[in-house]
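Given next are the chains, with one letter for each unit.
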Amino acid sequence: MLKGKKIILGVTAGIAAYKSAALVRLLVKAGAEVQVIMTEEAHQFITPLTLSTLSKRPVLTDFAKDKTGEWNNHVDLGLWADLLLVAPTTANTLAKMANGLCDNLLLATYLSARCPVAIAPAMDLDMYQHPSVKHNLKRLQEFGVYLVDAEEGELASGLVGQGRMAEPEHILEATLPILLKDNRLVGKKILITAGPTQEALDPVRYITNHSSGKMGYAIANLLAIKGAEVIMLSGVVNQKARKDVKILRTVSALDMYEAAMKHYEEANVVILAAAVADYRPSDVADKKIKKDGSTFALNMVKTYDIAAELGKKKTNGKFHVGFALETNDEAANAQKKLTNKKFDMIVLNSLQDAGAGFGHDTNKIAIIDAKGSNAFPLKSKQAVAEDIIEAMLERMVP
Ligand SMILES: Cc1cc2nc3c(=O)[nH]c(=O)nc-3n(C[C@H](O)[C@H](O)[C@H](O)COP(=O)(O)O)c2cc1C
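Residues numbered from 1 in each chain as written. Predicted model: local features only at pLDDT ≥ 70, side-chain atom pairs only at ≥ 80, totals over all residues. Heavy atoms only, no water.

## Things to note about the sheet that holds strand β3 (residues 83–89)
The sheet built from 5 strands is open, its strands ordered β2-β1-β3-β4-β5 with parallel pairing. Strands with a single pairing partner mark the edges of an open sheet, and in this sheet they are β2 (33–38) and β5 (146–147). The pairing of strand β4 (residues 117–121) with β5 spans 2 bridges and is classified as parallel. Its bridge partner being in β5, A118 is matched across the sheet by Y146. (Pairing = 2+ DSSP bridges. Helix = DSSP H or I, 4+ residues; strand = E, 2+ residues; numbered from the N terminus.)

## Topic: the packing of aromatic side chains
Following the criterion strictly, the structure yields 1 aromatic pair and no others. Between Y257 and Y304 the ring centres are 3.9 Å apart and the planes differ by 15°, which places this aromatic pair in the stacked class. With Y257 in helix α10 (residues 253–264) and Y304 in the loop between β15 (300–302) and α11 (306–313), this pair connects stretches of sequence that are 47 residues apart. Overall, Y257 belongs to the buried group, its relative accessible area being 14%. (Phe/Tyr/Trp six-rings, centres within 6.5 Å; stacked < 30°, edge-to-face > 60°. Buried < 20%, exposed > 50% of the residue type's maximum accessible area, 1.4 Å probe, protein only.)

## Quick look at the domain arrangement of the protein
Split by domain assignment, the protein resolves into domain 1 (6–180) and domain 2 (189–395). Computed over C-alpha atoms only, the centres of domain 1 and domain 2 are separated by 41 Å. Surface buried jointly by domain 1 and domain 2 totals about 510 Å² across both partners, of which 50% is contributed by carbon and sulfur atoms. Considering only the surface of domain 1 that becomes buried against domain 2, E173, P177 and L180 emerge as the three largest contributors, covering 79% of it. The interface formed by domain 1 and domain 2 contains 0 salt bridges. Our count for the domain 1 to domain 2 interface comes out at 2 residue pairs in polar contact (both at pLDDT 80 or more). (Domains from an automatic or database assignment. Buried area = accessible area lost by both parts, 1.4 Å probe. Salt bridge = Lys/Arg side-chain N within 4 Å of Asp/Glu carboxyl O. Polar contact = N/O pair within 3.5 Å; in protein donor to acceptor, adjacent residues only side chain to side chain.)

## Looking at the pairing of strand β16 (residues 319–326)
The element β16 is extensively covered by neighbouring structure, given that 7 of its 8 residues are classed as buried. Here strand β13 (residues 269–272) runs beside β16; their pairing, made up of 4 bridges, is parallel. Across the sheet, residue L272 finds its bridge partner in β16, namely G322. With 6 bridges connecting them, β16 and strand β17 (residues 345–350) associate as parallel partners. Residue pairing for β17: G322 is matched across the bridge by I346. Following the backbone out of β16, through helix α12 (residues 330–340) and into the adjacent parallel β17, one traces a crossover that is right-handed. (Right-handed = clockwise from strand over helix to strand, strands pointing away.)

## Here's the deal with the nonpolar core
I219, L223, I271, F323, M345, I388 and M392 are the most contacted members of the largest nonpolar core, which has 36 residues in total. With 8 residues, the top contributor of residues to this core is helix α9 (residues 214–225). Counting residues in hydrophobic clusters, the runner-up holds 35 residues, among them A32, L83, I171 and I178. (Core = buried A, V, L, I, M, F, W, Y, C linked by side-chain atoms within 4.5 Å.)

## Thoughts on helix α4 (residues 91–99)
Taken residue by residue, α4 has A91, T93, L94, K96, M97 and A98 as its buried positions. Buried residues along α4 sit against β3, α5 (105–112), β4, α6 (125–129) and α7 (131–142). Looking at the residues trailing α4, positive phi occurs at G100, about 75°. (Contact = heavy atoms within 4.5 Å.)

What follows is the structure in structure tokens.
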């Protein structure tokens, strides 16, 4: 996700510096190039050897490289980076950043950087509450520095409260929007459905399908990273959404339909990635159905077709994205849905393609609109989400 992004990771002298190793790994794994700059004091908390091995680059600390007069150019470093992230940020470095002090390479790089800057402070309980620390945090935020706030929990001193550096996963989650914001999505509200529906038979049984919600969640998360406001109507799944995705949990097709109707007006875009039941049992037994006869017949009635109902309400300027998972006559079925449900584009995946559809981490799609069809190779669901969003943005009127 961070392929081609250059990040300077500043590491300062707090106990949480041990977590910087995990953070470097996460950033590198996400595809970023990471240049670590440590303060002199930070060497007491984690070795440069660990961080240089994980970042695959020599760690920098001093202005001068050696006694030859060669120096580490903080101006070039500041211009090189797409993001300067200081994690952990000590009270000391925070105060220096807030006041323009420049007595080490990290601070000189901070003052030279033209890229966004983010800090993840780590301090003991009372330090973090101190008015001077609060004042410095506020001041840096007023300068435009992003704050990845300290988290609550047990601190190194044994005290319990706010002060722990945010977990590396949370720091990565917070930095993605800084690096990947797409202005075309800022100010856009997106309603997305994801996962399966469950249609009850009796208090203990239901009818559902194999949808894992992975594709819908990947799209919702990426849209939020890119700056859209995302409301996701999610069936019962075991997926993780970012904190900035607003999730409304639904169980049955009727729940999802009602929630979709309620939130449709406020949305600029709807993406219908959920696998919604077409039929539900006509009656739901209030007691567990007993195993009486040798056969059991179930009467089913049609559920609301959410996509079609939203299509009827569609007004100018709204953009509808549909999904079609087909087992046969894929393109013809998708074309029919495109017209009948007033989709602006439809994402087709076929269960005939290995690695595509339910449950997999990969998907193979074709994007179909009124002008034709564009097939994509098998990719991770994250990469597919990127393709879908890009296709959507290309077709949307700004
Ligand atoms: C064991 C130990 C743990 C420390 N942990 C923190 C900490 O979590 N946060 C903090 O702001 N300072 C902490 N300090 C104080 C800093 O190490 C000290 O202010 C140092 O000068 C900061 O240097 P730097 O900001 O240049 O890296 C700690 C000091 C010691 C000895």
